[in-house]
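If you want the building blocks of each chain, they are given just below.
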Amino acid sequence: MQRVEQEAVQKRTFTKWINSHLAKHVPPLEVKDLFDDIKDGVMLLALLEILSGQKLPCEQGKKLKRIHWVANIGTALKFLEGRKVRIRLVNINSTDIVDGRPSIVLGLVWTIILYFQIEELTSSLPELQAFSSSNSSLDSSTSSTDTTSPPVKRRPLALQGGARKALLRWVQQTATKCLGLDVKDFGPSWRTGLAFFAVINALRPNLVDMERVWRRPNRENLQEAFLLAETELGIPQLLDPEDVDVDKPDEKSVMTYVAQFLKHHPDRKQSDLEEKLEEAVTREQRKSQRELKMWLDQLEKEAVHAQETQGSLAQQYQLFKSLQVQLEMKRKQVEGALQSTQRDGMLTVDQALVKQAWERVSNRLLDWHLHLDRSLPAPLGTVGEWLHEAEGALRQEITVQQAHDNTASTVHRALEQHKVSFQQSLSTHLRLTSCFLKYH
């Protein structure tokens, strides 16, 4: 792969890697042109904050000048050099980044990937610590084909290519040797796509039919492997099939992508235990949610039956109050059951059924209450109907868009005060109604 092509591949891969992390920023950030967008240092510092969990000083604003850009880049480089005294940057200075020099920018990003992803993830695996963590190795010269990254000075005792060797060893031991695949690098060995499938198969055995993919074209395998890893494991598609299906794929780009799989391979015993505990908790939650739905369905049936029961207005009110009290006693339990546990914030099927059952029985009791109030003689019936309409309006979700924080807070307090006033009025109405029914 020629140097220009190599830089283009790395630029695409590194940009996608950066954006996968900047998506977590509040608000989310996105790099569109790596060499240009990194110049002012704002996105670089945001990336380092996300990766390290530390707050870093940053000059921000629309009218930043070059001096501010240099200061931001300097802050980032100083932070990296002081990181556990393990990163030593050579031939990288602030002005090179501000000028957008491709080889220097790519070299800096590669060093960040090495330290914050590959080095740290490989060192977390006990069986690989001898290759990475104990040697504290960060080697920018991972391949004889890599020409775009500046050198990185390391400790004298550090093992050359330690992170690369650790990652390669993990792939071999975990995925490829048992299938008879000879993966000896992060270049040509990955061209067919079989090595990617082998890693996925090692982490999720039921996802891949290895016999089927063995005989397919490279591009087809690569495209499916990247899509499968994204949809099933949540691993972003950092690579394009056409960038891998070449004589000498870029090793740094392939390493950046493959290292993401390490997050899905924790200590096996601990992983199995956590998985079993999670499954047990999920089973209990589903059981509780189904029992809660059955209870709500039963309460709704009782409400229907009670409404059809012949009796005086006073008796009807007593039946209503009994069922209303039962429902309110379950409110906190229902609210807890409807707390989403999914990444996308969506409710599970069982949670959705509980929500629907709660809304049905709540609406039925509310309609019944309104019917009973309308049956009262004037002016109690009219007042009761008006209060129900006011309460219904307050139940509507009110969204204050594009409001200043103070304004939104003021609106919220006013709404709460109105709610309290209406609730007091409704309570008074209920007491008057009770008195009326007591003596009639």
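Remember, it's a predicted structure, so these values are computed and weren't measured experimentally.

A look at the pattern of salt bridges
Overall, the coordinates contain 25 salt bridges when judged by the stated rule. A salt bridge links Arg 290 to Asp 350, with the shortest nitrogen-to-oxygen separation between them at 3.3 Å. One end of the pair, Arg 290, is in helix H13 (residues 268–308); the other, Asp 350, is in helix H16 (residues 349–374), with 60 residues separating them in the sequence. Residue classification places Asp 350 among the buried residues on the basis of a relative accessible area of 10%. Beyond isolated ion pairs, a larger network of salt bridges with shared partners links Lys 293, Asp 297, Glu 300, Arg 360 and Arg 364.

Description of empty space enclosed by the protein
For the structure shown, the criterion picks out 3 cavities of 30 Å³ or more. Around the largest cavity, the lining residues are Ile 18, Leu 22, Val 31, Leu 34, Ile 38, Met 43, Leu 44, Leu 47 and Val 109. Residue contributions to the lining of the largest cavity peak at 3 residues, all from helix H3 (residues 42–52). For the lining of the largest cavity, a count of residues per class yields 9 nonpolar, no polar and no charged.

Considering the side chain of Asp 185
Within the secondary structure layout, Asp 185 lies in the loop between helix H7 (162–176) and helix H8 (194–203). Within the structure, Asp 185 has its side chain in polar contact with the side chain of Ser 189 (distance 2.9 Å). When sequence neighbours within four positions are dropped, the list of residues in contact with Asp 185 reads Arg 164, Leu 168, Trp 190 and Glu 251.

Structural notes on the confidence of the model for the chain
With 72% of its residues at a pLDDT of 70 or more, the chain shows a mean pLDDT of 79. Across residues 128–160, confidence stays below pLDDT 50; counting only partners more than four residues off in sequence or on other chains, it has 97 contacts. For the stretch residues 394–406, pLDDT sits under 50, and the model shows 7 contacts to residues farther than four places along the chain or on other chains.

Focus on the packing of helix H1 (residues 3–22) against helix H12 (residues 251–258)
Each pair of packed helices gets described by two things: the angle between the helix axes and the distance between those axes. Interhelical geometry of H1 versus H12 gives an angle of 20 degrees and a closest axis separation of 9 Å. Relative to H12, the element H1 is oriented roughly parallel. The two elements H1 and H12 meet at a crossing, and its hand is left-handed. Each of Val 9, Gln 10, Thr 13, Phe 14 and Trp 17 in H1 lies in contact with H12, whose residues at this interface are Lys 252, Ser 253 and Thr 256. Its residues assigned to classes, the contact of H1 with H12 comprises 3 nonpolar, 4 polar and 1 charged.

Some points on the nonpolar core
A general trend in soluble globular proteins is that nonpolar side chains are found buried together. Ranked by internal contacts, the top residues of the largest apolar core, which has 75 residues, are Leu 34, Trp 190, Phe 196 and Phe 261. With 13 residues, the single largest contributor to this core is helix H6 (residues 102–123). There are two domains that each give this core at least three residues, and those are domain 1 (1–122) and domain 2 (161–266). Formed by 19 residues, the second largest nonpolar core is a distinct cluster that contains Ala 303, Leu 327, Val 361 and Leu 372.

Conventions and cut-offs
- Residues numbered from 1 in each chain as written.
- Predicted model: local features only at pLDDT ≥ 70, side-chain atom pairs only at ≥ 80, totals over all residues.
- Heavy atoms only, no water.
- Salt bridge = Lys/Arg side-chain N within 4 Å of Asp/Glu carboxyl O.
- Helix = DSSP H or I, 4+ residues; strand = E, 2+ residues; numbered from the N terminus.
- Buried < 20%, exposed > 50% of the residue type's maximum accessible area, 1.4 Å probe, protein only.
- 1 Å grid on protein atoms, 1.4 Å probe; cavity = no way out; pocket = protein on both sides within 12 Å on 5 of 7 lines; lining within 4 Å.
- Points joined across faces, edges and corners; volume = space filled by probe spheres on them.
- Nonpolar A, V, L, I, M, F, W, Y, C, P; charged D, E, K, R; others polar.
- Polar contact = N/O pair within 3.5 Å; in protein donor to acceptor, adjacent residues only side chain to side chain.
- Contact = heavy atoms within 4.5 Å.
- pLDDT = per-residue confidence, 0-100.
- Axes fitted to C-alpha atoms, helices over the stretch in contact; angles between N-to-C directions.
- Parallel < 35°, antiparallel > 145°, perpendicular 65-115°, else oblique.
- Left-handed = near helix turned anticlockwise from the far one by under 90°.
- Core = buried A, V, L, I, M, F, W, Y, C linked by side-chain atoms within 4.5 Å.
- Domains from an automatic or database assignment.

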